[in-house]
Amino acid sequence: KVLIGRAEHYYTKSQVALFIIENKELNVGDKILISGPTTGNEELTLTKMLVNGSNNTSAKQGDKVTFSLPFRIRLSDKLYKILYYCYQ
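These numbers were taken from a predicted model, which means no experiment stands behind them.

Enquirer: Outline the side chain of Thr39, supporting the account with residue identities and numerical values.
Expert: Looking at the secondary structure, you find Thr39 in the loop between strand E4 (31-36) and strand E5 (40-45). A relative accessible area of 13% means that Thr39 is categorised as buried. At 3.5 Å, the side chain of Thr39 forms a polar contact with the side chain of Arg74. A polar atom in the side chain of Thr39 sits 2.6 Å from the side chain of Asp77. Apart from residues lying up to four places away in sequence, Thr39 is in contact with Phe71, Arg72, Ile73, Arg74 and Asp77.

Next up, the structure:
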């Protein structure tokens, strides 16, 4: 796993989370992990996201990313990208 960003806000009524990308980049289809002391470890695959307020398939460092989540997040939560390595 690689640290991608941190939680900035959670919109309770619409169940949408806002993250700021601080490292690397994030793409639709990536497997992500949201981790924090209260939230625990939650894994999911990113299917749709808004980057800086508009539909996009990738986000780079400095972008604000929003996507819907079936659980609540806190400001202490971190966003990780799960990497897979194939050994032959």
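Enquirer: Account for the pattern of salt bridges, with residues named and values stated.
Expert: Taken as a whole, this structure holds four salt bridges when the rule is applied. Taking the shortest distance from any N to any O, the salt bridge between Arg6 and Glu8 comes out at 2.8 Å. For the salt bridge of Glu43 with Lys31, the shortest nitrogen-to-oxygen distance reads 3.7 Å. Of this pair, Glu43 sits in strand E5 while Lys31 sits in strand E4, placing them 12 residues apart in sequence. By relative accessible area, Lys31 is classed as partly exposed at 27%. Here the salt bridges share partners, and the residues they tie into one network are Arg6, Glu8 and Glu22.

Enquirer: Tell me about the sheet that holds strand E10 (residues 78-81), residues and numbers included.
Expert: With antiparallel pairing, the eight strands of this open sheet are ordered in space as E5-E4-E10-E1-E2-E9-E6-E7. Across the chains shown, the open sheet's two edge strands, defined by having one partner strand only, are E5 and strand E7 (54-55). Where strand E6 (residues 50-51) and strand E9 (residues 64-68) come together, two bridges link them in antiparallel fashion. Paired with Leu50 across the strands is Thr66, a residue of E9.

Enquirer: How would you explain the layout of surface pockets if you had to name every residue and give the values?
Expert: Considering only enclosed or pocket space, the largest pocket measures out at about 160 Å³ in volume. Lining the largest pocket are Val16, Leu44, Thr45, Leu46, Thr47, Lys48, Met49, Leu50, Thr66, Phe67 and Ser68. The leading source of residues in the lining of the largest pocket is E9, at three residues. Broken down by class, the residue content of the lining of the largest pocket amounts to six nonpolar, four polar and one charged.

The rules behind the values
- Residues numbered from 1 in each chain as written.
- Predicted model: local features only at pLDDT ≥ 70, side-chain atom pairs only at ≥ 80, totals over all residues.
- Heavy atoms only, no water.
- Helix = DSSP H or I, 4+ residues; strand = E, 2+ residues; numbered from the N terminus.
- Buried < 20%, exposed > 50% of the residue type's maximum accessible area, 1.4 Å probe, protein only.
- Polar contact = N/O pair within 3.5 Å; in protein donor to acceptor, adjacent residues only side chain to side chain.
- Contact = heavy atoms within 4.5 Å.
- Salt bridge = Lys/Arg side-chain N within 4 Å of Asp/Glu carboxyl O.
- Pairing = 2+ DSSP bridges.
- 1 Å grid on protein atoms, 1.4 Å probe; cavity = no way out; pocket = protein on both sides within 12 Å on 5 of 7 lines; lining within 4 Å.
- Points joined across faces, edges and corners; volume = space filled by probe spheres on them.
- Nonpolar A, V, L, I, M, F, W, Y, C, P; charged D, E, K, R; others polar.

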